[in-house]
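Listed here are the chains, written in short residue letters.
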Amino acid sequence: TASLPLKGLNVLVTAGPTQEPLDPVRYLTNHSTGKMGYALAASAAELGARVTLVSGPVSLEAPAGVDVVRVTTAQDMFEAVSDAFAAADITVMAAAVGDFRVDGVAPEKIKKAGRESITLRLVANPDILAWAGGRKRDDGSQVLCGFAMETEHLVRNAAKKLAGKHCDMLVANDLREPGAGFATDTNVVTVLTPGGPDEQTPHIEHWDLMDKTALAKRLLLRLAALRG
Ligand code: C5P
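Within an unreviewed UniProt entry, the label attached to the protein chain reads Coenzyme A biosynthesis bifunctional protein CoaBC, and the organism entered is Bifidobacterium platyrrhinorum.

Have a look at this one:
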């Protein structure tokens, strides 16, 4: 129906940061608050979808009518997404996943006594979005959207991610743009989809500053339309 355009669809969303432990009391993380991902999950439910939200540690409440899977590390997030992905018609990865984790987490608290420095060795986490891009069905029935936060070369970097991770849409935002980025209730995005002027160049749209909820709705309707 017109008011429930996502009725019958399964939507999978990732949101928030991940926490990568160093020892039992410390972790590496980032400034993600989960606002964009939670807005997407809430909006998808309001538009009639069945929604699974895989969320890193955030202080937001679960949106009404959404199945929330809480995770801590990137590895946990990967496992939760790999359980849900095959059933998802639309997948939006808005999480700020830690690219690296500590190799050999210390079993006890790391002590400072007598040490001038310590070295942490980091190893790469799985790229969940790239994994999903590599295994989505090729009949067009699964639509995949990634996000990219950049501090420079926004469009060039985003275009690389769109193609490299086999996404159907890539939503790019500039950390330093006023009204965009972490912890704000608004966002300013550039939306990239394949099929621009030539094979190498995506289709690019610059959207004006929007409330994250309004942006979420607009993105979801676009993604549903891409699915056809
Ligand atoms: O390459 P970059 O981390 O900037 O890509 C951002 C996009 O990839 C986001 O959609 C993010 O959720 C996703 N991502 C992921 N797993 C990672 C790293 C990024 O799903 N390990």
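Focus on the packing of helix H1 (residues 35-46) against helix H5 (residues 212-227)
Where H1 contacts H5, the axes come no closer than 8 Å and their chain directions differ by 60°. Judged by the angle between their axes, H1 and H5 are oblique. Considering only the axes of H1 and H5, their crossing is right-handed. For the pair formed by H1 and H5, the contact residues are Lys 35, Met 36, Ala 39, Leu 40, Ser 43, Ala 44 and Glu 46 on the first element and Lys 212, Thr 213, Leu 215, Ala 216, Lys 217, Leu 219 and Leu 220 on the second. The residue inventory of the contact of H1 with H5, partitioned by class, reads eight nonpolar, two polar and four charged.

A closer look at the site of the ligand
Close to the ligand lie Met 93, Ala 95, Val 97, Asp 99, Pro 126, Asp 127, Ile 128, Leu 129, Gly 146, Phe 147, Lys 161 and Lys 165. In this structure, Met 93 approaches the ligand through a main-chain N or O atom, which is 2.6 Å from an oxygen atom. Measuring from a nitrogen atom of the ligand, one finds a backbone N or O atom of Pro 126 at 2.8 Å. Contact with the protein chains covers 86% of the free accessible surface of the ligand, which is 450 Å². For the ligand, the cavity whose grid points lie within 2 Å of the majority of its atoms is the largest pocket. Mapped onto the shell around the ligand, the elements with two or more residues apiece are helix H3 (128-135) and strand E9 (143-150). When its residues are assigned to classes, the shell around the ligand shows seven nonpolar, one polar and four charged.

Some details on the layout of surface pockets
Size it by volume and the largest pocket reaches roughly 940 Å³. The wall of the largest pocket is formed by 41 residues, among which Ala 95, Ala 96, Val 97, Phe 147 and Met 149 lie closest to the centre. Elements with a minimum of two residues in the lining of the largest pocket: strand E1 (10-15), H1, H3, E9 and strand E10 (169-174). In terms of residue class, the lining of the largest pocket is made up of 19 nonpolar, 15 polar and seven charged.

Things to note about H5
Compared with the 22 Å implied by 1.5 Å per residue over 16 residues, the 22 Å span of H5 between its first and last C-alpha is a close match. All of the buried residues along H5 are Lys 212, Leu 215, Ala 216, Leu 219, Leu 220, Leu 223 and Ala 224. Buried residues of H5, seen end-on, are gathered within an arc of 165° and therefore sit on one face of the element. Directly beyond the C-terminal end of H5, a positive phi value near 85° is found at Gly 228.

A closer look at the nonpolar core
If you look at the biggest cluster of nonpolar residues, it comprises 36 residues, and the most contacted ones within it are Leu 6, Val 11, Leu 40, Val 51, Phe 147 and Leu 219. Elements represented by at least two residues in this core include exactly E1, H1, strand E4 (50-55), strand E6 (90-93), E9, E10 and H5. Among the elements that make up this core, the one with the highest residue count is H1 (seven residues). Each residue touching Leu 219, except ones within four places of it in the same chain, is listed here: Leu 40, Phe 147, Met 169, Val 171, Val 191 and Trp 207. Listed in part, the 24 residues of the second largest apolar core include Ile 128, Cys 167, Leu 170 and Ala 172.

Each value, and the rule that gives it
- Numbering of residues starts from 1 in each chain and follows the order in which that chain's sequence is written.
- Totals for whole chains, interfaces and linings use all residues, but because this is a predicted model, local features are given only for residues with pLDDT of at least 70 and pairs of side-chain atoms are given and counted only at 80 or more.
- Only heavy atoms go into the side-chain values, all of them from the structure, while hydrogens and water stay out.
- Inter-axis angles, ranging from 0 to 180 degrees, are taken between N-to-C directions of lines fitted to C-alpha atoms, where helices are fitted over the stretch in contact.
- Counting from the N terminus, the helices are DSSP H or I runs at least four residues long and the strands are E runs at least two residues long.
- Working definition: roughly parallel below 35 degrees, roughly antiparallel above 145 degrees, roughly perpendicular at 65 to 115 degrees, and oblique for all remaining angles.
- Handedness of a crossing is defined here by the sense of rotation of the near helix relative to the far one, left-handed for an anticlockwise turn of less than a right angle and right-handed for a clockwise turn.
- In what follows, residue pairs with any heavy atoms lying within 4.5 Å of each other are defined as contacts.
- All amino acids are sorted into three groups, where Ala, Val, Leu, Ile, Met, Phe, Trp, Tyr, Cys and Pro are nonpolar, Asp, Glu, Lys and Arg are charged, and the leftover types, Gly among them, are polar.
- Only a single heavy atom is needed: when it lies within 4 Å of a molecule or strand, its residue is near that molecule or strand.
- Any pair of nitrogen or oxygen atoms within 3.5 Å is treated as a polar contact; in protein, a donor-acceptor pairing is required on top of that, and neighbouring residues in sequence qualify only through side-chain atoms on both sides.
- Only the protein chains shown count as cover for residues, and the accessible areas themselves come from Shrake-Rupley with a 1.4 Å probe.
- Buried and open spaces are told apart on a 1 Å grid over the protein atoms alone, a cavity being a set of points where a 1.4 Å probe fits but cannot get out and a pocket being an open set with protein on both sides within 12 Å along at least five of seven lines. Residues with an atom within 4 Å of a point are the lining residues.
- Think of it this way: if more than half of a molecule's atoms are within 2 Å of a pocket's grid points, that molecule is in the pocket or cavity.
- Grid points are joined across faces, edges and corners, and a volume is the space filled by probe spheres set on the points.
- In this scheme, a helix's expected span is set at 1.5 Å multiplied by one less than its residue total.
- Three exposure classes are used, based on accessible area relative to the maximum for each residue type with a 1.4 Å probe and protein chains only: buried under 20%, partly exposed in between, and exposed over 50%.
- Here the arc refers to the directions that run from the helix axis out to each C-beta atom.
- The nonpolar core is taken to be a set of buried Ala, Val, Leu, Ile, Met, Phe, Trp, Tyr and Cys residues, with the residues joined through side-chain atoms within 4.5 Å.

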